[in-house]
Amino acid sequence: MSGDGDNGGGTGGTGGVAGDGPRDRAGTTQGARAAAGADTGREAGAGAGSGLDSGAGRKVGADAGRDAGAGPGRDTEAETGADAGRDAGAAPGVNAGADTGMDTGTAARLQKLFEGHRLTPTQRRIAHCMVRRAADAPFLSSVELAELAGVSQPSVTRFAVALGFDGYPALRRHLREVAPTDKPDDTGSYNEYQQAVQAEIDNLRHLAAALADPSPVIEAGRLFAASRPLPVLGLRAATAQAAGFSYFARKVHPDVRLLDEGGTMLTDRIDAAVRAGASALLCFALPRHPREVVDALEYARTAGLTVVTVADSAFAPVAHHTDLLLPAPVGTGLAFDTACAPMLLGRVLLEAMCDALPDAQARLEQFDARAAARGLFVE
């Protein structure tokens, strides 16, 4: 769909709105690639040397390939018991190659490497970091990776062991063997603002690659079209994404309900939507992920809603509370995250919903006629 109208754009905490009026809708809606793998792995939250992981159920013996500096000592990072045995990112609809990183192929290979292993929350954090920094991952030391992921160095070693390697050096060697031989092009000549823009361009390239298989987004569009009403959830940083989607969705969908405030009223509004006939819920979930969003999605599924979530990563905390997860990476180079890819994926979902609504074009034309009569827009 293409058109003009009140156009705007935004990154970080602001999501843009683009296009107001009828559109000639042609072409095939694109979608995010699903890679729902069976979970066949077991938890191997391993200890390196004499280090113990507080959430692991097993201790692995001496690490012959122990990374330098990952000596004895207790890992004090807390693990939540409910999550400690869960598979990382094995929710239905998870894309195997849509997270950030400079090279799409490297990111896809990394995520494939992590599939089938039951990782602790700390290990999922490391995996998430590596996918986000896919191009740099084969060249990071254990210390650098630990700092980027916000974990301890022994946790990085245990993560490598959980994946079946002797230690982190063995994992890094493997990554160098399967990754491009050279580091990504040097962007040192760019200033920080240019680097942030380049990072967003890379994020959009990843999204474009993920859209090669349209089936998950087409399915999401059908779910949204059939849900009357359609609740759209987005709190804190994701509020703008949810509001932007809702603004345009109301032009073609008869009943869209924006859920942009937390608190005790949130579950009441979910209940009200279910009573009114809702069958699906769309959630935009961006970092930092509010606990209220995780709780709300869990409640929504319990209430019988099919949850579709646009999240920054397949390893996001909402993954285990989502029926269809559509990853869209965010940029982290500035003080506040930039969210161009999630915004664009929201527009793609709108297109898919329009394709599934037989009267979408007629509704848009009616709106345009009313807008012209009111002199709503300045030519």
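Residues numbered from 1 in each chain as written. Predicted model: local features only at pLDDT ≥ 70, side-chain atom pairs only at ≥ 80, totals over all residues. Heavy atoms only, no water.

Topic: the confidence of the model for the protein chain
Per-residue confidence for the protein chain gives a mean pLDDT of 76, with 69% of residues at or over 70. Contacts for the low-pLDDT stretch residues 1-102, under 50 throughout, to residues beyond four places or in other chains number 304 contacts. (pLDDT = per-residue confidence, 0-100. Contact = heavy atoms within 4.5 Å.)

Focus: the pattern of salt bridges
As enumerated under the stated definition, the model contains 5 salt bridges in all. Here D136 ties to R133 by a salt bridge, and the two come within 3.2 Å at their closest N and O atoms. A relative accessible area of 33% means that R133 is categorised as partly exposed. Note that D202 and R205 form a salt bridge whose closest N and O atoms lie 3.0 Å from each other. Of the two residues, D202 and R205 both sit in helix α7 (residues 192-210), 3 residues apart, roughly one turn of that helix. (Salt bridge = Lys/Arg side-chain N within 4 Å of Asp/Glu carboxyl O. Buried < 20%, exposed > 50% of the residue type's maximum accessible area, 1.4 Å probe, protein only. Helix = DSSP H or I, 4+ residues; strand = E, 2+ residues; numbered from the N terminus.)

Quick notes on the nonpolar core
In terms of nonpolar packing, the biggest core is built from 37 residues, with F224, F245, L282, L345, L349 and M353 touching the most fellow members. No other element matches the 8 residues that helix α12 (residues 340-356) contributes to this core. Aside from chain neighbours lying at most four places away, what touches M353 is G221, F224, A225, L230, A249, V252 and H253. Judged by nonpolar contacts, the second largest core, of 28 residues, contains L145, V156, L163 and Y168. (Core = buried A, V, L, I, M, F, W, Y, C linked by side-chain atoms within 4.5 Å.)

Focus on helix α6 (residues 168-178)
Buried within α6 are the following residues: Y168, A170, L171 and L175. Down the axis, α6 shows its buried residues gathered within 160° of arc, on one side only. Exposed positions of α6 whose direction lies more than 90 degrees from the buried face are R173 and E177. (Arc of directions from axis to C-beta.)

Considering the packing of aromatic side chains
Any two aromatic rings considered together are summarised by their centre-to-centre distance and by the angle between their planes. Taken as a whole, this structure holds 5 aromatic pairs when the rule is applied. Here the aromatic rings of F114 and F315 are separated by 6.1 Å at their centres, their planes lie at 70°, and the arrangement is edge-to-face. Note that F114 is positioned in helix α2 (residues 104-114) and F315 in the loop between β4 (306-311) and β5 (324-327), a separation of 201 residues in sequence. Here F114 matches F315 in class, with each residue buried. Look at Y247 and F248: their rings are 4.8 Å apart centre to centre, the planes differ by 75°, and that puts the pair in the edge-to-face class. Through a chain of ring-to-ring contacts, three or more aromatic side chains come together here, namely F114, F159 and F315. The ring of Y247 is capped by K251, whose NZ or CZ atom sits 4.5 Å from the centre of that ring. (Phe/Tyr/Trp six-rings, centres within 6.5 Å; stacked < 30°, edge-to-face > 60°. Lys NZ or Arg CZ within 6 Å of the ring centre and 35° of its normal.)

Some words on helix α8 (residues 215-226)
For α8, which comprises 12 residues, the first-to-last C-alpha distance of 17 Å matches the rise-based estimate of 16 Å (1.5 Å per residue) to within 8%. Looking only at α8, the buried set comprises P216, V217, A220, G221, F224 and A225. Residues of α8 that are buried make contact with β1 (230-233), α9 (239-249), β3 (280-285), β4, β5 and α12. (Expected span 1.5 Å × (residues − 1).)

Overview of the pairing of β5
Here β5 shows a buried face lined by L324 and L326 and a second buried face lined by L325 and P327. Relative to β5, β4 is paired through 4 bridges, and the arrangement is parallel. Looking at β5, one finds that T309 is bridged to L325. (Pairing = 2+ DSSP bridges.)

Some details on the sheet that holds β1
The strand order β2-β1-β3-β4-β5 describes an open sheet built from 5 strands, whose pairing is parallel. The open sheet terminates on both sides in strands that have one partner only, identified here as β2 (256-259) and β5. Direction aside, the axes of adjacent strands within the sheet are offset by 20° on average. Against the sheet, helix α10 (residues 265-275) contacts β1 and β2, and its axis sits at roughly 165° relative to β2. (Axes fitted to C-alpha atoms, helices over the stretch in contact; angles between N-to-C directions.)

What about the side chain of T309?
Examined against the element boundaries, T309 turns out to sit in strand β4. Within the structure, the side chain of T309 is placed 3.0 Å from the side chain of T322, a separation counted as a polar contact. Setting aside chain neighbours within four positions, we find T309 in contact with C283, A285, L297, V318, T322, L324, L325 and L326. (Polar contact = N/O pair within 3.5 Å; in protein donor to acceptor, adjacent residues only side chain to side chain.)

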